[in-house]
Amino acid sequence: MEFVTESLNDILKKRVEEFTPSGFVTTCGAVTKVSDGVARVDNLPGCCYGELLRFGNGVWGIALDLEENGVGAVLLNAGAAVNIGDNVSGTGHPVDTPVSENVIGRVLSPIGAPLDGKPFKPKAYAPMEKPAPAILARKPVCRPLVTGILPIDSMIPIGKGQRELIIGDRQTGKTTLAVDTILNQADKNVICIYCAIGQKASTVSSVVMTLSKAGAMKYTAVVAATAADSPAMQYLAPYAACSMAEWFMEQGRDVLVVYDDLSKHAVAYRTMSLLLHRPPGREAYPGDVFYLHSRLLERSACMADSEGGGTMTALPIIETTGGNISAYIPTNVISITDGQIYLEAELFHSGIRPAINNGLSVSRVGRAAQYKAMQKVSGLLRIELAQYKEMAIFARFGSDLDAGTRQTLERGEKLTALFNQDKNKPYSLGEETALLLAFRDGAFDGVPPKEMKKRIPELLQYLKSVCPEFFSHIERRHDFDSETEETMKGHFGRWAELVESR
Ligand code: ATP
Ligand code: MG
């Protein structure tokens, strides 16, 4: 007798074909235990993971632990009054966020409540969690996202669809860097979403003020869950921002999302997990904390033309303590992203703004997307700066320096001064190219390093009056030819003479 055995593959295939989704079953239960923003609910047999739950007196929660006889839920409302025995009902749908054009210019909570005091009518909703686009739906990063910050655009370029981490200690200019990048997107047709997680409400409002003053709220939406909000709300904020950005990306638009910051996000998730009695791991974070950030950042993409060609660039921010970038959360996020901009407290306090440490900052995919004009002028800057740093350490000990060393040191000092940039004053691509070209062609040779700060705006003003066509040409073509290079050299020479004659 012969046994006819079905292969495992056939069985599973049949099971998948037979499976008909039953949808969400709305059921009722009662609270059996409640403390610190976490509730246990018995019954609710049809409850799904991540389902929105409605508690008795206008309180909302999300189901995060599905157990045999009940559900563990975190409450969305901070300090909510939930009592044992309160009724709980499933809403039948996962927690979602408003998406559409009308989120632009608004300050919203993750679930779409307006925080700017004006009424808000959502047009459509999208779930906060979604799988990331598949590899075949993507294409390599090929267009630059110009930040307007000279050291970044020249040495650590960011491409549209890239995920570039901004990492540094507290008060080192992380938020400023991200906000300046948003400011620079005016008239570049990029939608920006700024997501504030676990920050003070006053800090968020000052960012919103900066954005509104510069007219950036015309193309920016702010999603905020402040330190006063519940950990669950803080946990949801970046996913909500990501869903909003994803909606624009699906329309073929370019989007920039800033997550400020993911350290606080991880802490909010740790709080939730510990209250849900999940086992703690390293630094008391739960075991799935890597997945918390990877599933968020994987959703940033540069979509293939067949999928609309939209892009979502992510600038996650991580706060370190004592410059320790090898702690658990920083290393996790460094490994997920396509590069990092490392801001150093020591540089910041010595007056270098933005305080970027070039040795530890890198952009893994941006170089391929850099504009030709920038490629032509930025080739050797990193090496030059690294040589200067190395030499500067040794020069501190010796007094007798030969002429060559002294020249390298002075050039390095001037380059560092050139890379100093005031906040909220991004350069245009033309200005960036002109400055680097001037530096390369020795326009600053006769300028002492201490005078650089004064001379840079003077040079830009001079160039704008004698050759305005250079700036408009670079904005349009993003490139220049050898003839233009020669003409510019002449202008630099005349400017240097002018400065010396004064
Ligand atoms: P936190 O850790 O509190 O979030 P942060 O790292 O986001 O801080 P910022 O708030 O961006 O830092 O900046 C800290 C301070 O440094 C602010 O007062 C800001 O005005 C100043 N600052 C940052 N960048 C610059 C700059 N390029 N020029 C002048 N001041 C700057
Ligand atoms: Mg900040």
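Quick note: structure is the one above.
Right, let's walk through the structure included here. (Residues numbered from 1 in each chain as written. Chains lettered and ligands numbered in written order. Predicted model: local features only at pLDDT ≥ 70, side-chain atom pairs only at ≥ 80, totals over all residues. Heavy atoms only, no water.)

## Quick look at the sheet that holds strand S2 (residues 38-43)
Thought 1: What the six strands build is a closed barrel, ordered S1-S2-S5-S4-S3-S6; its pairing is antiparallel. On average, each strand axis in the sheet is tilted by 45° relative to the strand beside it, whichever way the strands run.
Thought 2: The pairing of strand S3 (residues 51-55) with strand S4 (residues 59-66) spans four bridges and is classified as antiparallel. Note that in S4 the partner of Arg54 across the bridge is Trp60. (Pairing = 2+ DSSP bridges. Helix = DSSP H or I, 4+ residues; strand = E, 2+ residues; numbered from the N terminus. Axes fitted to C-alpha atoms, helices over the stretch in contact; angles between N-to-C directions.)

## So, the packing of aromatic side chains
Thought 1: Summed over the entire model, instances satisfying the criterion amount to six aromatic pairs.
Thought 2: Between Trp247 and Phe248, the ring centres sit 5.1 Å apart and the planes meet at 85°, which makes this aromatic pair edge-to-face.
Thought 3: Site record: aromatic cluster; members linked through ring pairs are Tyr235, Tyr239 and Tyr269.
Thought 4: Over the face of the ring belonging to Tyr291 we find Arg295, whose NZ or CZ atom lies 4.9 Å from the ring centre.
Thought 5: Directly above the ring of Phe471 sits Lys464, whose terminal nitrogen or CZ lies 5.7 Å from the centroid. (Phe/Tyr/Trp six-rings, centres within 6.5 Å; stacked < 30°, edge-to-face > 60°. Lys NZ or Arg CZ within 6 Å of the ring centre and 35° of its normal.)

## Overview of the environment of His93
Thought 1: Within the secondary structure, His93 is located in strand S6 (residues 87-94).
Thought 2: Given the relative accessible area of 33%, His93 is considered partly exposed.
Thought 3: Between the C-alpha atom of His93 and that of Cys47, which follows or precedes it by 46 residues, the distance is 9.6 Å. (Buried < 20%, exposed > 50% of the residue type's maximum accessible area, 1.4 Å probe, protein only.)

## A short note on the nonpolar core
Thought 1: Among the nonpolar cores identified, the biggest contains 72 residues, and Ile182, Leu211, Leu418, Leu435, Phe444 and Leu463 are the most heavily contacted of them.
Thought 2: When neighbours within four sequence positions are excluded, Leu463 is seen to be in contact with Ala434, Pro468, Phe471, Met488, His491 and Phe492.
Thought 3: Ranked by size, the runner-up nonpolar core spans 61 residues in total, among them Val95, Ile104, Leu108 and Ala245. (Core = buried A, V, L, I, M, F, W, Y, C linked by side-chain atoms within 4.5 Å. Contact = heavy atoms within 4.5 Å.)

## A short note on the sheet that holds strand S8 (residues 107-108)
Strand pairing in a sheet takes place through backbone hydrogen bonds and is either antiparallel or parallel in direction.
Thought 1: Ordered in space as S8-S12-S11-S13-S14-S10-S15-S16, the eight strands form an open sheet in which the pairing is mixed. Either end of the sheet is taken by a strand with one partner, and the two such strands are S8 and strand S16 (362-363).
Thought 2: On top of the sheet, helix H4 (residues 201-213) reaches S8, strand S11 (190-197) and strand S12 (220-225); it is set at about 175° to S12, its chief contact.
Thought 3: Relative to strand S14 (residues 311-319), helix H6 (residues 262-275) is tilted by about 75°, and along the sheet it contacts S11, strand S13 (254-260) and S14.

## Brief notes about the pattern of salt bridges
Thought 1: As enumerated under the stated definition, the model contains 26 salt bridges in all.
Thought 2: Its salt-bridge partner being Asp116, residue Arg106 comes within 2.8 Å of it at the nearest N-O pair. Of this pair, Arg106 sits in the loop between strand S7 (96-99) and S8 while Asp116 sits in the loop between S8 and strand S9 (124-127), and the two are 10 residues apart along the sequence.
Thought 3: Judged by relative accessible area, Arg106 falls into the buried class, the value being 10%.
Thought 4: A relative accessible area of 24% means that Asp116 is categorised as partly exposed. (Salt bridge = Lys/Arg side-chain N within 4 Å of Asp/Glu carboxyl O.)

## Quick look at helix H16 (residues 482-501)
Thought 1: Taking 1.5 Å of rise per residue, the 20 residues of H16 would be expected to cover 28 Å, and the 29 Å separating its terminal C-alpha atoms lies within 8% of that figure.
Thought 2: Met488, His491, Phe492, Trp495 and Val499 are the residues of H16 that are buried. End-on view of H16: buried residues confined to an arc of 105°, all on one side of the axis. Exposed residues lying more than 90 degrees from the buried face of H16 are Ser482, Glu483, Glu486, Glu497, Glu500 and Ser501. (Expected span 1.5 Å × (residues − 1). Arc of directions from axis to C-beta.)

## Here's the deal with the pairing of S12
Thought 1: Counting buried positions along S12 yields six of six residues, so the element is predominantly enclosed.
Thought 2: Taking every second residue as pointing to the same face, both faces of S12 are buried, with Thr220, Val222 and Ala224 on one and Ala221, Val223 and Ala225 on the other.
Thought 3: Across two bridges, the pairing between S8 and S12 is parallel. Each bridged residue has a counterpart across the sheet, and for Val107 the counterpart in S12 is Val222.
Thought 4: Sheet topology places S11 next to S12; six bridges connect them, and they run parallel.

## Describing the packing of helix H14 (residues 452-466) against H16
Thought 1: Interhelical geometry of H14 versus H16 gives an angle of 125° and a closest axis separation of 11 Å. Overall, the two elements H14 and H16 adopt an arrangement that is oblique. The way H14 lies across H16 gives a crossing that is right-handed. Residue-level inspection shows Arg455, Glu458, Leu459, Tyr462, Leu463 and Val466 of H14 in contact with H16, the latter providing Met488, His491, Phe492, Arg494, Trp495, Leu498 and Val499.
Thought 2: Split by residue class, the contact of H14 with H16 holds nine nonpolar, one polar and three charged. (Parallel < 35°, antiparallel > 145°, perpendicular 65-115°, else oblique. Left-handed = near helix turned anticlockwise from the far one by under 90°. Nonpolar A, V, L, I, M, F, W, Y, C, P; charged D, E, K, R; others polar.)

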